[in-house]
Amino acid sequence: MSDIAPADAVGIINALIRAGRHEEATDLAVRCDGQWPNLSIFPLLASQSLAYQGRPQPALSACLRAVGKDRLGLEPNAFFMALLIQLVPQVHWPQLYEVWRRHFPSPADLDALVATLAGHQGRYDFFGAWSLILLGIGQGDEAVDRFAHCLGPLADAPPPAHEIVAEYSDKAGGYDDDSVHRNSVDGIAPHLTQGLGGRAGQTIIDAGCGTGLAGRHLRPLAERLIGIDLSPDMVARCRDSGLYDTVIEGDLIAALNGMPGQAGGIAILGCAYYFPDLAPMLTAARNALVPGGRLMLIDFPAAGAKSVRQTIGGTRRYCRSAETMRDLAAAAGLVVEPPDIVAYFNLPSYLWTFTRPE
Ligand SMILES: C[S@@+](CC[C@H](N)C(=O)[O-])C[C@H]1O[C@@H](n2cnc3c(N)ncnc32)[C@H](O)[C@@H]1O
């Protein structure tokens, strides 16, 4: 050992990990950690090879050791987040998150981490994971603040309809198999029941319904359930679900404009992020509601004052501040309640409830 350089040892350990020889990789990484105790890379590699062996507890301990050596580094902190999300049941997140937080004893320490990593290339994944953990431990407001580091100024024009159709022509087949998609809708089901239920004989419109994952939760609340979606492939699957009375293929704003005063409830879930300007959507939804009817809408948050921003990674989502949404609601003639902060597509999201005044 004494005759090789740390960089060579890193190469050997990485080769062992790539070859699936994880026990040997862990063993060598632990020995190198003893030899070069100031470096964070060896406990980090030990953590990775332990994670591959399905051993979350020692993997977390080794990772925290790496964080202790490189507190402002992206790699050890990002790997800690990944371990928590992928290997640890959510019920243990608060306790383990606290153990990680103890590496940053003062608010200034934590601010230093945020400032250092906010300029980093990998910041979208890192802050996205951090905000998901904060949501999981019930710190929604802080999750929204961290998610702000996943955002940049408006960069792209919204995708034209034919691009959205092509996107979902690819995605429709496997859409329901993705647990992130299913969990997103299932996670907000109690909110949907509370917000849209309780009006006998009503029509509910699921605008941007996709494959109809929300149908299971909306069906018991509606006498008549209508879906609307742009993508023929998503519409076909939604029809196959058998949960909807009608599924309209087309643009949701045009379709809502053609249904004045018909709906007791409207849900627009996981779809508003395609729209840089929500004014036409909110106006169309208001007009489609009966007086007293309610609209529930998922939108990704932009922290702080009035702003519309766009994520810098992943699907380039448009995100709005709460203040912006309140202004839009007032302009559309909708009464708005304070938003719930929920997880949707593994990101913090505002779940808005609007009412058309009587
Ligand atoms: C990510 S999926 C969400 C589907 C479903 N609401 C859910 O939460 O599982 C987004 C859906 O919005 C639809 N969409 C996007 N823009 C639309 C528009 N202008 N009118 C109608 N549907 C639209 C897409 O075709 C896609 O099916």
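- Under an unreviewed UniProt entry, the name given to the protein chain is Methyltransferase domain-containing protein, and the organism recorded is Magnetospirillum moscoviense.

1. Examining the overall build of the protein chain
Step number 1: Each helix and strand counted, the protein chain has 17 helices and 11 strands in total.
Step number 2: Expressed along its principal axes, the backbone C-alpha trace of the protein chain runs to roughly 80 × 40 × 35 Å.
Step number 3: Here the protein chain holds 358 residues, and 44% of them are scored as buried.

2. Description of unusual backbone geometry
If a residue is not glycine, its phi is most likely negative; likewise, a peptide bond is most likely trans.
Step number 1: For Phe 345, which is not glycine, the phi dihedral falls at a positive 50 degrees.
Step number 2: Positive phi outside glycine occurs at Asn 346, with the angle close to 60 degrees.
Step number 3: Here Asn 346 is to be found in the loop between strand S10 (340–344) and strand S11 (347–355).
Step number 4: For Asn 346, a count of 16 C-beta atoms within 10 Å gives the class partly exposed.

3. Considering the packing of helix H3 (residues 41–52) against helix H4 (residues 56–69)
Step number 1: Between H3 and H4, the least distance of the axes is 8 Å, while the angle of their chain directions is 160 degrees. One element, H3, and the other, H4, form an angle in the roughly antiparallel class. For the pair H3 and H4, the crossing hand works out as left-handed. Residues Pro 43, Leu 44, Ala 46, Ser 47, Leu 50 and Ala 51 of H3 form the contact with H4, whose own contacting residues are Pro 58, Ala 59, Ala 62, Cys 63, Arg 65 and Ala 66.
Step number 2: Residues belonging to the contact of H3 with H4 are distributed by class as follows: 10 nonpolar, 1 polar and 1 charged.

4. Examining the packing of helix H1 (residues 6–18) against helix H2 (residues 22–35)
Step number 1: It is the contact of H1 with H2, at a shortest axis distance of 8 Å, that shows an interaxial angle of 160 degrees. Here H1 is positioned roughly antiparallel relative to H2, judged by the angle of their axes. In the packing of H1 onto H2, the handedness of the crossing is left-handed. Across from Ala 9, Ile 12, Ile 13, Leu 16 and Ile 17 in H1, the residues of H2 making contact are His 22, Glu 24, Ala 25, Leu 28, Ala 29 and Cys 32.

5. Quick notes on the site of the ligand
Step number 1: Residues in contact with the ligand amount to 20 residues; listed here are only the nearest, Gly 208, Gly 210, Ser 231, Leu 252 and Gly 270.
Step number 2: Of all the secondary-structure elements, those providing two or more residues to the shell around the ligand are helix H10 (161–175), helix H11 (179–187) and strand S3 (224–229).
Step number 3: Considered class by class, the residues forming the shell around the ligand number 13 nonpolar, 5 polar and 2 charged.

6. Observations regarding the pairing of S10
Step number 1: Bridge count between S10 and S11: 5 bridges; the pairing is antiparallel. Of the residues in S11, the one forming a bridge with Ile 341 is Tyr 350.
Step number 2: Hairpin geometry of S10 and S11 is characterised by an intervening segment of 2 residues between the two adjacent antiparallel strands and by a positive phi of about 50 degrees at Phe 345.

7. A closer look at the environment of Leu 117
Step number 1: As for its placement among the helices and strands, Leu 117 is situated in helix H7 (residues 107–118).
Step number 2: Sequence separation of Leu 117 and Asn 77 is 40 residues, and the distance between their C-alpha atoms is 9.8 Å.
Step number 3: Leave out the neighbours within four places in its chain, and Leu 117 touches Leu 74, Arg 123 and Phe 126.

8. Describing the domain arrangement of the protein chain
Step number 1: Looking at the assigned domains, one finds that the protein chain contains domain 1 (6–151) and domain 2 (161–355).
Step number 2: Placing the centre of domain 1 and that of domain 2 at their C-alpha centroids yields a distance of 35 Å.
Step number 3: Contact with domain 1, which involves 14 residues of that partner, is made by 16 residues of domain 2.
Step number 4: When residues of the side of domain 1 that touches domain 2 are traced back to their parent elements, those giving at least two are helix H8 (123–136) and helix H9 (140–147).
Step number 5: Here the side of domain 1 that touches domain 2 takes 6 residues from H8, the largest share from any one element.
Step number 6: A class-by-class count of the residues in the side of domain 1 that touches domain 2 yields 9 nonpolar, 3 polar and 2 charged.

9. A few points about the pairing of strand S4 (residues 246–249)
Step number 1: Two elements, S3 and S4, share 4 bridges in a ladder whose sense is parallel. The residue bridging Ile 228 from the neighbouring strand is Ile 248, located in S4.

10. Let's talk about the UniProt feature "domain: Methyltransferase" (unreviewed entry) in the protein chain
Step number 1: Mapped onto the present numbering, the UniProt feature "domain: Methyltransferase" (unreviewed entry) falls on residues 204–293.
Step number 2: Helix makes up 33% of residues 204–293 and strand 28%. Its end C-alpha atoms lie 10 Å apart.

11. What about the environment of Thr 315?
Step number 1: Mapped onto the elements, Thr 315 comes out in the loop between strand S7 (308–311) and strand S8 (318–320).
Step number 2: Judged by the 10 C-beta atoms lying within 10 Å of it, Thr 315 falls in the exposed class.
Step number 3: The spacing of Thr 315 and Pro 94 is 221 residues in sequence and 29 Å in space, taken between C-alpha atoms.

12. Focus: the environment of Ser 49
Step number 1: Within the secondary structure layout, Ser 49 lies in helix H3.
Step number 2: Taking the C-alpha atoms as reference points, Ser 49 and Gly 208, separated by 159 residues in sequence, lie 42 Å from one another.
Step number 3: Apart from the residues within four sequence positions on either side, Ser 49 is in contact with Ile 17, His 22, Ala 25, Thr 26 and Ala 29.

Criteria and thresholds
Residues numbered from 1 in each chain as written. Predicted model: local features only at pLDDT ≥ 70, side-chain atom pairs only at ≥ 80, totals over all residues. Helix = DSSP H or I, 4+ residues; strand = E, 2+ residues; numbered from the N terminus. Buried ≥ 20, exposed ≤ 12 C-beta atoms within 10 Å, placed from the backbone. Axes fitted to C-alpha atoms, helices over the stretch in contact; angles between N-to-C directions. Parallel < 35°, antiparallel > 145°, perpendicular 65-115°, else oblique. Left-handed = near helix turned anticlockwise from the far one by under 90°. Contact = placed C-beta atoms within 7 Å. Nonpolar A, V, L, I, M, F, W, Y, C, P; charged D, E, K, R; others polar. Near = placed C-beta within 6 Å. Pairing = 2+ DSSP bridges. Domains from an automatic or database assignment. UniProt positions renumbered as here; feature names shortened; annotations may be inferred.

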